[in-house]
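Residue-level structure breakdown
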Amino acid sequence: MKIAIPKERRAHEKRVAASPETVKKLVGLGAEVVVETGAGLESSISDNEFTQAGASIGGDEASVLSDADIVFKVQRPITEAEGGPDELAMMKSGTVLISQLNPTQHREQVDAYAAKGITAIAMELMPRITRAQSMDVLSSQANLAGYKAVLDAAQEFGRAFPMMMTAAGTVAPARVFVLGVGVAGLQAIATARRLGAIVTATDVRRETEEQVASLGAKFVKPKIEESGEGGGGYAKEMSEEYQRLQAELVHETLKKQDIAICTALIPGRKAPTLISEDMVKDMKPGSVIVDLAVEQGGNCPLSRPGEVVDYNGVQIVGHYNVPSRVAVDASLLYAKNLLNFITPQIDKESKQLKLDWEDETVVGTVLTRDGKVVHPLLTGEGG
């Protein structure tokens, strides 16, 4: 059973889908692991470290992928039309591709997996069940994104975060407003609190109020009895009345804040607008907005992917691929997610991959099988 780890070639991507620790464990499970030359360098993992863990180093991507039974990747295969070598063409029929594949946004590529005979597994579709927490790539990467978002805000902010009592006077603490209290939002709250900021947060899911309070932050909510708990721990779309009241609350709260961290996403859909242009106009000069949803349309319509926009003195930060900005830890966690997913799927006697088609973690993530698109999200059978 050969597992291939190619170098990631998409722009702004520094992560790698394996670590020396996971390679060692995969080899212990009976796998042959082949890592492309230099695949881990941008995550501070040398070829020598992979070799010492039991992997072999392949000369180029084509030779690494051509006879692989399983391919671990961070992002979906790049195509020739996207400016890279056609990675899918390098794989043989029957290969099991395990990656973040963004299937709803790139359905045509899912069809290509099926046509090629690839069993494609999208890790971002992992069911949010207790048993699968250690396999949840969205959570592991969002956690680091929330942390990095606060540091990115601090980089643009022209003041200090904590209160400082000095002989020359007192420095007031920064006020941080976190919009969206999922994994990224909770880590943003914790990080901003560690830096000494006064933190306020909001979310449509009332269940998050207690989590926010436990981190020492203040939770704000509109005066309406409606909650946004959706399936799988995600938020659902709210009524028009709720959205109106929430927008008024956000607008008034933002006037008093120095920094806003936006983290709200709805799976398979454009990110909801949380901070409008009118709201930005009323923010204090020198304020900062970090939009973690910028690549999905943005929580602020003024944010631009890959840019820091200055709008009337408010800095709006829209960095690409924020987890990759913490590439070392993001790679280690992602690699562990993959290991935790595949380990129970490897037969102990034959040392071969034997996917359990009754397992929720498999059924919930497999896009294509036996030349067909099978995931309910794509066949019209899902919610």
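Everything discussed here concerns the structure shown above.
Before going into details, it helps to say that this report is about the structure given with it. Every value quoted in this text rests on a predicted model; they were computed, and no experiment measured them.

So, about unusual backbone geometry. In this structure, S44 is a non-glycine residue whose phi angle is positive, near 60 degrees. With respect to the helices, strands and loops of the structure, S44 is situated in the loop between strand 2 (32-36) and helix 2 (47-52). The exposed category is assigned to S44, whose relative accessible area is 54%. Phi angles above zero are rare outside glycine, and K351 is one such case at about 60 degrees. Its location among the elements puts K351 in the loop between helix 11 (327-342) and helix 12 (360-363). The class of K351 is partly exposed, set by a relative accessible area of 36%.

Turning next to the environment of I121. As for its position among the elements, I121 is in strand 6 (residues 119-122). As for I121 and V199, which are separated by 78 residues in sequence, their C-alpha atoms are 38 Å apart. Ignoring anything within four residues of it in the chain, the contact list for I121 reads V96, L97, I98, S99, L101, F341, L355, T365 and V366.

Now for the packing of aromatic side chains. The full count for this structure, using the stated rule, is one aromatic pair. Taken together, a centroid distance of 6.1 Å and an interplanar angle of 90 degrees make the contact between F157 and F161 edge-to-face. Accessibility expressed as a relative area gives 6% for F161, which makes it buried. Seen from the ring of W357, R369 lies directly overhead, with NZ or CZ sitting 3.7 Å from the centre.

Before going further, it helps to spend a moment on the pattern of salt bridges. Scanning the entire structure with this criterion turns up 24 salt bridges. Measuring nitrogen to oxygen at the nearest pair gives 3.2 Å for the salt bridge that ties D258 to R159. Of this pair, D258 sits in the loop between helix 9 (240-254) and strand 12 (259-262) while R159 sits in the loop between helix 6 (137-156) and strand 7 (164-166), and the two are 99 residues apart along the sequence. What makes R159 partly exposed here is its relative accessible area of 39%.

Attention now moves to the sheet that holds strand 2. Sheet architecture is open: six strands sit in the order 3-2-1-4-5-6, paired in parallel fashion. Where the open sheet ends on each side, the last strands, each with one partner, are strand 3 (56-58) and strand 6. Neighbour-to-neighbour, the strand axes of this sheet turn through a mean angle of 25 degrees, independent of strand direction. Bridge analysis of strand 1 (residues 2-5) against strand 2 gives four bridges, and the strand direction is parallel. Paired with I3 across the two strands is V33, which belongs to strand 2.

So, about the nonpolar core. Counting residues in each nonpolar core, the largest one holds 36 residues, and the members touching the most others are I5, F72, I98 and F341. Setting aside its immediate chain neighbours within four residues, F341 contacts I98, I121, M123, M126, M135, T361, V362 and T365. Counting 27 residues, the second largest nonpolar core, distinct from the first, contains V178, A188, A197 and A217.

This next bit is on the packing of helix 1 (residues 20-28) against helix 11. Taken N-terminus to C-terminus, the directions of helix 1 and helix 11 make an angle of 20 degrees; their axes are 9 Å apart at the nearest point. Overall, the two elements helix 1 and helix 11 adopt an arrangement that is roughly parallel. As for the relative orientation of helix 1 and helix 11, their crossing is left-handed in sense. From helix 1, E21, T22, K25 and L26 reach across to helix 11, where they touch A335, K336, L339 and I342. Residue classes in the contact of helix 1 with helix 11 are distributed as four nonpolar, one polar and three charged.

Time to look at the sheet that holds strand 9 (residues 175-179). In space, the seven strands of this open sheet follow the order 11-10-9-12-13-15-14, with mixed pairing throughout. Bordering the open sheet on either side are strand 11 (218-219) and strand 14 (307-311), each of which pairs with just one other strand. Both strand 13 (residues 288-291) and strand 15 (residues 314-318) contribute to a ladder of three bridges, which runs parallel. Bridged to I289 within strand 15 is I316.

On to the environment of V326. Structurally, V326 is set in the loop between strand 15 and helix 11. Put simply, V326 and L144 are 182 residues apart on the chain and 7.0 Å apart in space, counted from C-alpha to C-alpha. If we ignore the near neighbours within four places in the chain, the residues touching V326 are L144 and K148.

What counts and how
- Residues numbered from 1 in each chain as written.
- Predicted model: local features only at pLDDT ≥ 70, side-chain atom pairs only at ≥ 80, totals over all residues.
- Heavy atoms only, no water.
- Helix = DSSP H or I, 4+ residues; strand = E, 2+ residues; numbered from the N terminus.
- Buried < 20%, exposed > 50% of the residue type's maximum accessible area, 1.4 Å probe, protein only.
- Contact = heavy atoms within 4.5 Å.
- Phe/Tyr/Trp six-rings, centres within 6.5 Å; stacked < 30°, edge-to-face > 60°.
- Lys NZ or Arg CZ within 6 Å of the ring centre and 35° of its normal.
- Salt bridge = Lys/Arg side-chain N within 4 Å of Asp/Glu carboxyl O.
- Pairing = 2+ DSSP bridges.
- Axes fitted to C-alpha atoms, helices over the stretch in contact; angles between N-to-C directions.
- Core = buried A, V, L, I, M, F, W, Y, C linked by side-chain atoms within 4.5 Å.
- Parallel < 35°, antiparallel > 145°, perpendicular 65-115°, else oblique.
- Left-handed = near helix turned anticlockwise from the far one by under 90°.
- Nonpolar A, V, L, I, M, F, W, Y, C, P; charged D, E, K, R; others polar.

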